[in-house]
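Remarks on the overall topology
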Amino acid sequence: MKTPAQTKGIAAAFGVSVLSSIGLAVVYVQGGQTQLEGLLLGLALGGISVGLVMWAKHLMSEGEVVEAREVVPLQTDEREEVAEAYEHGAEEIGRRTFLSKWLAGALGALGLAALFPIRSLGVGPEDSLFHTAWRPGTRLVKADGRPVRPSELPPNGVLTVFPENHTHDADSQTMVIRLPTGDQIPGPDEFSAEGLVAFSKICTHAGCPVGLYQTQTRQLFCPCHQSAFDVLEHAKPVSGPATRPLPQLPLGVDNEGFVIATSDYPEPVGPGFWDRGRG
Amino acid sequence: MVRKVVTWVDDRLGASRFTRDVLAKVFPDHWSFLLGEIALYCFVILVLTGVFLSFFFEPSVAESVYRGEYEPLQGVVVSDAYRSVMDLSFEVRAGMVMRQIHHWAALVFLAAIVVHLVRIFFTGAYRRPREINWMIGLTLLTLAMFNGFTGYSLPDDLLSGTGLRIAYSIALSIPVIGTWMAFLVFGGEFPAEQIINRLFVIHIFIIPVLIAGLLTAHMALIWRQKHTQFPGGRRREENVVGERLWPTYAAKSMGLFFGVFGILALLGGLVQINPIWLYGPFKPAQVPSPAQPDWYMGWLEGALRLFPAWEITTFGYEIPNPFFPAVLLPGITFTLLYLWPFLEAFFTSDHKPHHLLDRPRDRPMRTALGTATLSFYFILFAAASNDLLAKWLRVPVENVVVAYQILAFALPLATGLGTYLIAKSLTKREAEPPGAAPETARTS
Ligand code: FES
């Protein structure tokens, strides 16, 4: 022990740790409290840390030590032996081309067969990316399952809707909007019903819900990467990284006066994919 | 006692000479050599806290009505995954502190790896014979990023659900195999039921095992090749100068472990992180706004935000927009990083082994490339919160995007050039006769 002061400091650090650990146990037994647990655990660990580092710094250090290092690899002659040992064995295998071809064939076939279980991981995409749950005559319902009447939406009102009985279907989510009178209704005439228009709520960029409708500019806005879609221009993207308009859902009203879809979306909804044009 | 143990072991394993060398092994000392150790200790802490968490987590999206302690969510329909993390946070004693230490440790783990990588780059520590360890280190970085992402996706909250949806769309954007890949990874069309369980297996088993294995290899190579050191003093290419493993280096390193753990415990207890009760459970038609991912995903998020509205459509096939910023950019980034030691050796025709580190100023070209690259990724990272900046500055977000798009090219040029000139002038000043002025002062 060089200086008593340093020894005392180190002992104090370990002492803080002991007290904190006791405190930690007490807090836990008393029912626990997140902040105190973090604080006491931090002090318990920190005490040991400070103690150890001070001890190593002040009392252990034997100063610099120099150790030699092999700069050039020293086993150069053994390389030849390695190569020879390998070749010696490989020669036997290589000589029997007939057998080694069969071995390669067997391993290859096994490897291919072993890939098949990957298919079990999930259903194939088939046509699922080209369709949603909307069918001709499907009612629009809110998240709680209640159907929608055209009169529910005031001018500039918006509503997130799903196909009836499919309120969990992520790719069918749709925004219904009533544009204020005087606005040019976008899209083909038969796509709107009593002044309502509906667009897919899935961003064509990376699939986030296009959650915000800005009444001033009549724009739908995606909070993920800030794409904006102009509803008056059949929801074509006007800023941000999205490249394609939000597909429009054709609307109608059934004889009970509820809003329905008159068919599925005419094109795939959501982000792009390789063979999207196939549909 | 010690002698008895040594004798017993040596009788059976004959490991005495090896153990003697281990204890006497010399490690060079420099603060920047601790970065890798910090990462290592974060991993240990992640495993310790993670094992605790895994006892309580339920990887299922089956739904039930929340009836737990957290009042504002009473009666809300949530998945088992979300509910189990809520219970872990509010009902399991010490659960909250464990969860928050775990999350903080993940953030610091990634930070330590990245800063460590930067240190290795600027000092040229990847040069022959250490190219293999450079590549192992990069692999560890990618694995750590994946594991961070899979980890924060597990609670099935609104924020992480949004991240998963974007990840699915990115997978979908890959040419030819994208749709199949997305469906096989997620188990069907998003949001497929299996995904939480799969992420759980990946997060607590597959990637941790890979990380543990590669970490072991990483350290074995350091052991075999011996640590690099800065020139100066008695330090030469053919020696290692420092402290012996036993006891000094071991004590300091253990001190570092306890220190890192202590700071993470303080953070985990005192600084709230990933409050999933504020985000709420994942609902497909909702999205949190503003939404920022964990910091190490920021560069990808920023790239998605900055990449212009452009994609390729030919012959009825398309390569959608997210492919370029979110698949191609990381692909190029990591390919160049993996190849870097060989590229540099090729361009500088320096194929010799190096055990002494470079000072950044002595390699102005490399240092300039490094700072330029860093500033490019920094702009991407900053762009991930462009919506917050736009709000704060009260300007349209489009303007912020344009500003960042310009900066993404201008800033790297400026920092690269600036770095080069500064490095040159620093070395030039050193090359002048030392202390010219004091000398004239003395003679007069
Ligand atoms: S997902 Fe909407 S802008 Fe990216």
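Residues numbered from 1 in each chain as written. Chains lettered and ligands numbered in written order. Predicted model: local features only at pLDDT ≥ 70, side-chain atom pairs only at ≥ 80, totals over all residues. Heavy atoms only, no water.

This part covers the overall build of chain B. Each helix and strand counted, chain B has 17 helices and 6 strands in total. The principal-axis extent of the C-alpha atoms belonging to chain B is close to 85 × 65 × 50 Å. Taking all 444 residues of chain B together, 51% fall into the buried category. Taking the contacts inside chain B whose residues are at least 6 apart along the sequence as the reference set, 76% of them involve residues at least 24 apart. Roughly 21,600 Å² of accessible area belongs to chain B as shown, and the carbon and sulfur atoms make up 70% of that amount. (Helix = DSSP H or I, 4+ residues; strand = E, 2+ residues; numbered from the N terminus. Buried < 20%, exposed > 50% of the residue type's maximum accessible area, 1.4 Å probe, protein only. Contact = heavy atoms within 4.5 Å. Areas by Shrake-Rupley, 256 points an atom, 1.4 Å probe, with all protein chains shown as cover.)

Let's shift gears to the overall build of chain A. Counting its secondary structure elements, chain A contains 4 helices and 12 strands. At 35 Å, chain A has a C-alpha radius of gyration far larger than the 19 Å of a compact globule built from 279 residues. Looking at chain A as a whole, 41% of its 279 residues are labelled buried. Taking the intrachain contacts of chain A between residues at least 6 apart in sequence as the baseline, contacts between residues at least 24 apart amount to 53%. Carbon and sulfur atoms form 61% of the exposed surface of chain A, whose accessible area is close to 14,900 Å². The averaged location of the 31 negative side-chain charges in chain A is 5 Å from the averaged location of its 21 positive side-chain charges. (Rg over C-alpha atoms; globule rule 2.2 N^0.38 Å. Lys, Arg positive; Asp, Glu negative; His and termini not counted. Charge placed at Lys NZ, Arg CZ, Asp CG, Glu CD.)

All names here are of chain B. Packing of helix α4 (residues 80–90) against helix α5 (residues 95–123) leaves a shortest axis separation of 5 Å and a crossing angle of 110 degrees. The angle between the axes of α4 and α5 places the two elements in the roughly perpendicular class. Contact with α4, carried on its side by V85, L88, S89 and F90, involves G95, M96 and R99 of α5 and no other residues of that element. Partitioned by chemical class, the residues of the contact of α4 with α5 number 4 nonpolar, 2 polar and 1 charged. (Axes fitted to C-alpha atoms, helices over the stretch in contact; angles between N-to-C directions. Parallel < 35°, antiparallel > 145°, perpendicular 65-115°, else oblique. Nonpolar A, V, L, I, M, F, W, Y, C, P; charged D, E, K, R; others polar.)

With that settled, consider the environment of E398 of chain B. Residues and elements named next belong to chain B. In this structure, E398 sits in helix α16 (residues 397–431). For E398, a relative accessible area of 38% puts it in the partly exposed group. Along the primary structure E398 and V9 are separated by 389 residues, whereas in three dimensions their C-alpha atoms are 69 Å apart.

Another aspect to go through is the nonpolar core. The biggest cluster of nonpolar side chains holds 102 residues, and the ones touching the most others in it are I45, M86, F109, W134, Y168 and L264 of chain B. Residue contributions to this core peak at 15 residues, all from α5 of chain B. Shared between two domains, this core takes at least three residues from each, and those domains are domain 1 (4–121) and domain 2 (128–278) of chain A. Setting aside residues up to four positions removed in sequence, I45 of chain B forms contacts with G50, I101, A105, F257, V260, F261 and L264 of chain B. Formed by 23 residues, the second largest nonpolar core is a distinct cluster that contains V197 and L220 of chain A together with I166 and A326 of chain B. (Core = buried A, V, L, I, M, F, W, Y, C linked by side-chain atoms within 4.5 Å. Domains from an automatic or database assignment.)

On to the sheet that holds strand β8 (residues 227–230) of chain A, then. All names here are of chain A. The strand order across the open sheet formed by 4 strands is β6-β7-β8-β9, and the pairing between neighbours is antiparallel. In the strand order of this sheet, the two ends are held by β6 (212–214) and β9 (236–239), each with one partner. Taking each pair of neighbouring strands and ignoring which way they run, the sheet shows an average axis angle of 35 degrees. Sheet topology places strand β7 (residues 219–222) next to β8; 4 bridges connect them, and they run antiparallel. (Pairing = 2+ DSSP bridges.)

On to the state of the cysteines, then. All names here are of chain A. Within the structure shown, the criterion is met by 1 disulfide over all chains. Two residues, C208 and C224, share a disulfide whose sulfurs are 2.0 Å apart. On the sign convention where negative means left-handed, the S-S torsion of about -80 degrees between C208 and C224 marks this disulfide as left-handed. You can see C208 sitting in the loop between β5 (196–200) and β6 and its partner C224 sitting in the loop between β7 and β8, a full 16 residues away along the chain. Residue C208 shares its accessibility class with C224, and that shared class is buried. (Disulfide = S-S within 2.5 Å.)

Let us now look at the pattern of salt bridges. Counted under the stated rule, the structure contains 28 salt bridges over all chains. The salt bridge partner of D144 of chain A is R146 of chain A, with a shortest N-O separation of 3.1 Å. Residue D144 of chain A is classed as exposed on the basis of its relative accessible area of 51%. A salt bridge links K352 of chain B to D350 of chain B; the shortest N-O distance between them is 4.0 Å. Under the relative-accessibility criterion, K352 of chain B is labelled exposed at 54%. By sharing partners, the salt bridges in this structure join R127, E344, D358, R363 and R366 of chain B into a single network. (Salt bridge = Lys/Arg side-chain N within 4 Å of Asp/Glu carboxyl O.)

Moving on, we come to the confidence of the model for chain B. All names here are of chain B. Of all residues in chain B, 97% attain a pLDDT of 70 or more, and the chain-wide mean is 93. Of the regions scoring below 50 in pLDDT, residues 438–444 engages in 1 contact with residues more than four places distant in sequence or in other chains. With pTM at 0.94, the complex prediction returns an ipTM value of 0.92. (pLDDT = per-residue confidence, 0-100.)

The next point concerns the interface of chain B and chain A. Every contact between the two is made by 87 residues of chain B and, on the other side, 70 residues of chain A. Roughly 6,600 Å² is buried in total at the junction of chain B and chain A, and carbon and sulfur atoms are behind 62% of that figure. When the area that chain B buries against chain A is broken down by residue, the three leading residues are R93, F258 and E318 of chain B, summing to 10%. One can count 4 salt bridges joining chain B with chain A. The shortest N-O distance in the salt bridge between R276 of chain A and E318 of chain B comes to 3.0 Å. Counting every contact that joins chain B to chain A gives 28 residue pairs in polar contact (both at pLDDT 80 or more). No other element matches helix α10 (residues 245–270) of chain B, which puts 15 residues into the side of chain B that touches chain A. Residues of the side of chain B that touches chain A, tallied by class, amount to 40 nonpolar, 25 polar and 22 charged. One ladder, built from 4 bridges, connects strand β1 (residues 65–68) of chain A with strand β4 (residues 239–244) of chain B; its direction is antiparallel. Counted as the bridge partner of E67 of chain A is V240 of chain B from β4 of chain B. (Buried area = accessible area lost by both parts, 1.4 Å probe. Polar contact = N/O pair within 3.5 Å; in protein donor to acceptor, adjacent residues only side chain to side chain.)

The next thing to look at is the packing of helix α13 (residues 323–348) of chain B against helix α14 (residues 364–383) of chain B. Residue and element names in this part refer to chain B. Interhelical geometry of α13 versus α14 gives an angle of 170 degrees and a closest axis separation of 14 Å. On the basis of their axis angle, the class for α13 and α14 is roughly antiparallel. When the axes of α13 and α14 are compared, the crossing they make is left-handed. Touching L329, T333, W340 and E344 of α13 are R366, L369, F376, Y377 and L380, all from α14. (Left-handed = near helix turned anticlockwise from the far one by under 90°.)

Another point: the side chain of R276 of chain A. As for its position among the elements, R276 of chain A is in the segment after β12 (259–261). A polar contact of 3.0 Å, which involves the side chain of R276 of chain A, links it to the side chain of E318 of chain B.

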